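Given next are the chains, with one letter for each unit.
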Amino acid sequence: MNNETWEIGGKKLKSRMLIGSALYPNPANMEEAIKESEAQIVTVALRRQSAGEGGGNNFWDIIKELNINVLPNTAGCHSAKEAITTAQMAREVFGTNWIKLEVIGDQYNLQPDPFETLKASEILIKEGFEVFPYTTDDLVVAKRLANVGCKILMPWGSPIGSGQGLMNPSNLKAIRKQFPELKLIVDAGIGKPSDAVEAMQLGYDGILLNSAIALAQDPVKMAKAFKYATIAGRLGYEAGTMQKREFASPSTPTVGTPFWHQFS
Amino acid sequence: MIKVSINGEIKELEENLNVKQLIEALNYKTKGFAIAINTTFVPIAKYENTIINDGDTIDILAPVQGG
């Protein structure tokens, strides 16, 4: 395991993978997959609950036992007002000022609404939240979010749950280049470990994923695969990849080539 | 009696209940939920001073799985 730490939202972490807690075949499988991933941030949500369910639940007990950072989301919100109310409720329930801000603008591809996301970000930051905004790979939107005080940006790889990987690596690269000081997480659309490697090789600080693990044939094994993919991608980025060349170039020394090669 | 919506269900309540009394009346025993009335968050500190009115829409939310 990589022992180097990095910082996000005021916390020092080793893992650069943020994992979701939804869609697993069962709670035990979720727990095992999260443990296997060695992720130190898990996303959670809030939904209506009746008194019959006790005002508490098995799910939340499992997450608390894991003793890792929780990142509540505002999934399902369609306006800044809804997202702000959800964030305020999440802060009280989960005891954290972190919020994964999701304000959806289109029901077909669950694309974030940049205008409402921006509006909500500005207000939530003033209220003391650490906002993790889910956004598209639009550079200007990223700029606006940074201008209102976002220190973290989470552009999508592709639509939520699609598993399409990185649709626009060049856009993601441009955001990385423009905002070296911000923490950047590729959120949504990651489908397979190689997508995680690609995102990390672009210099992104981390990845956030859920469906790719939870919907795998073997979620626990896939969690492990993503753990290594995230590390591999980061190490690849830090090591610096070679320049591509148009033509072949031998890697074995040509000096001292035996005579029979010279005539072939 | 007043009529309110609680998590999408219409219910009849006594008049002049505050949020603390509402939670007790609904039999919420443990912590781990948050309340919004008419889409505005009501923090715990304001439970006793917040009166439920006829026609209010009350949402009681608790932790669930999320991505």
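Residues numbered from 1 in each chain as written. Chains lettered and ligands numbered in written order. Predicted model: local features only at pLDDT ≥ 70, side-chain atom pairs only at ≥ 80, totals over all residues. Heavy atoms only, no water.

Novice: Honestly, the overall build of chain B in this entry has me stumped. Any pointers?
Specialist: The number of helices and strands found in chain B is one helix and five strands. Along chain B, from the amino end to the carboxyl end, the secondary structure elements read β-β-α-β-β-β. What you see for chain B is a C-alpha radius of gyration of 12 Å, in line with the 11 Å of a compact globule of 67 residues. Across its three principal axes, chain B shows a C-alpha extent of roughly 40 × 25 × 20 Å. (Helix = DSSP H or I, 4+ residues; strand = E, 2+ residues; numbered from the N terminus. Rg over C-alpha atoms; globule rule 2.2 N^0.38 Å.)

Novice: How should the overall build of chain A be read in this particular structure?
Specialist: Across its full length, chain A carries 10 helices and 12 strands. Projecting the C-alpha coordinates of chain A onto the three principal axes gives extents of approximately 85 × 40 × 35 Å. In chain A, which comprises 264 residues, the share counted as buried stands at 50%. By element, 51% of the accessible surface of chain A is carried by carbon and sulfur atoms, the whole surface being about 12,900 Å². Computed over 27 positive and 28 negative side-chain charges, the inter-centroid distance for chain A is 5 Å. (Buried < 20%, exposed > 50% of the residue type's maximum accessible area, 1.4 Å probe, protein only. Areas by Shrake-Rupley, 256 points an atom, 1.4 Å probe, with all protein chains shown as cover. Lys, Arg positive; Asp, Glu negative; His and termini not counted. Charge placed at Lys NZ, Arg CZ, Asp CG, Glu CD.)

Novice: Where do I start with the pairing of strand β6 (residues 98-101) of chain A in this structure?
Specialist: Looking along a regular strand, one sees side chains alternate from face to face of the sheet. Residues and elements named next belong to chain A. The two faces of β6 match: Trp98 and Lys100 on one face and Ile99 and Leu101 on the other face are all buried. Sheet topology places β6 next to strand β9 (residues 130-135); four bridges connect them, and they run parallel. Looking at β9, one finds that Lys100 is bridged to Phe132. (Pairing = 2+ DSSP bridges.)

Novice: Just checking my understanding: could you explain the state of the cysteines for this structure?
Specialist: Between two cysteines, a covalent bond joining their sulfur atoms is known as a disulfide. With the rule as written, the count across this model stands at zero disulfides over all chains. Cys77(A) takes part in no disulfide bond, and the closest cysteine sulfur to it belongs to Cys150(A), at a distance of 16 Å. (Disulfide = S-S within 2.5 Å.)

Novice: Would you mind going over the pattern of salt bridges with me for this structure?
Specialist: Pairs may arise between side chains of opposite charge once their charged atoms sit close together. All chains considered together, the criterion is met by 13 salt bridges over all chains. Across the salt bridge formed by Lys64(A) and Asp61(A), the nearest N and O atoms sit 3.9 Å from each other. Here Lys64(A) pairs with Asp61(A), and both are found in helix α2 (residues 58-66), just three residues apart, close to one helical turn. Residue classification places Asp61(A) among the partly exposed positions, given a relative accessible area of 40%. Between Glu24(B) and Lys20(B) there is a salt bridge, and its shortest N-O distance comes to 3.5 Å. Of this pair, Glu24(B) and Lys20(B) both sit in helix α1 (residues 19-26), separated by four residues, roughly a single helical turn. Judged by relative accessible area, Lys20(B) falls into the partly exposed class, the value being 38%. Through salt bridges that share partners, Glu36(A), Glu38(A) and Lys227(A) make up one connected network. (Salt bridge = Lys/Arg side-chain N within 4 Å of Asp/Glu carboxyl O.)

Novice: Just checking my understanding: could you explain the environment of Tyr228(A) for this structure?
Specialist: With respect to the element layout, Tyr228(A) can be found in helix α9 (residues 219-239). Between the C-alpha atoms of Tyr228(A) and Glu92(A), which are 136 residues apart in sequence, the distance is 34 Å.

Novice: Even after reading the chapter, I still don't get the side chain of Ser21(A), so can you show me in this structure?
Specialist: Structurally, Ser21(A) is set in the loop between β3 (17-20) and α1 (27-37). For Ser21(A), a relative accessible area of 1% corresponds to the buried category. The residues contacting Ser21(A), other than those within four sequence positions of it, are Met30(A), Val42(A), Thr43(A), Val44(A), Phe59(A), Ile63(A), Asn210(A), Gln65(B) and Gly66(B). (Contact = heavy atoms within 4.5 Å.)

Novice: Any chance you could explain unusual backbone geometry here in plain terms?
Specialist: For residues that are not glycine, phi is negative in most cases, and the peptide bond is trans in most cases. All names here are of chain A. In this structure, Leu23 takes a positive phi of about 75 degrees despite not being glycine. Tracing the sequence through the fold places Leu23 in the loop between β3 and α1. Residue Leu23 is classed as exposed on the basis of its relative accessible area, which comes to 51%. A positive phi is found at Ala188, a non-glycine position, where the angle reads about 85 degrees.

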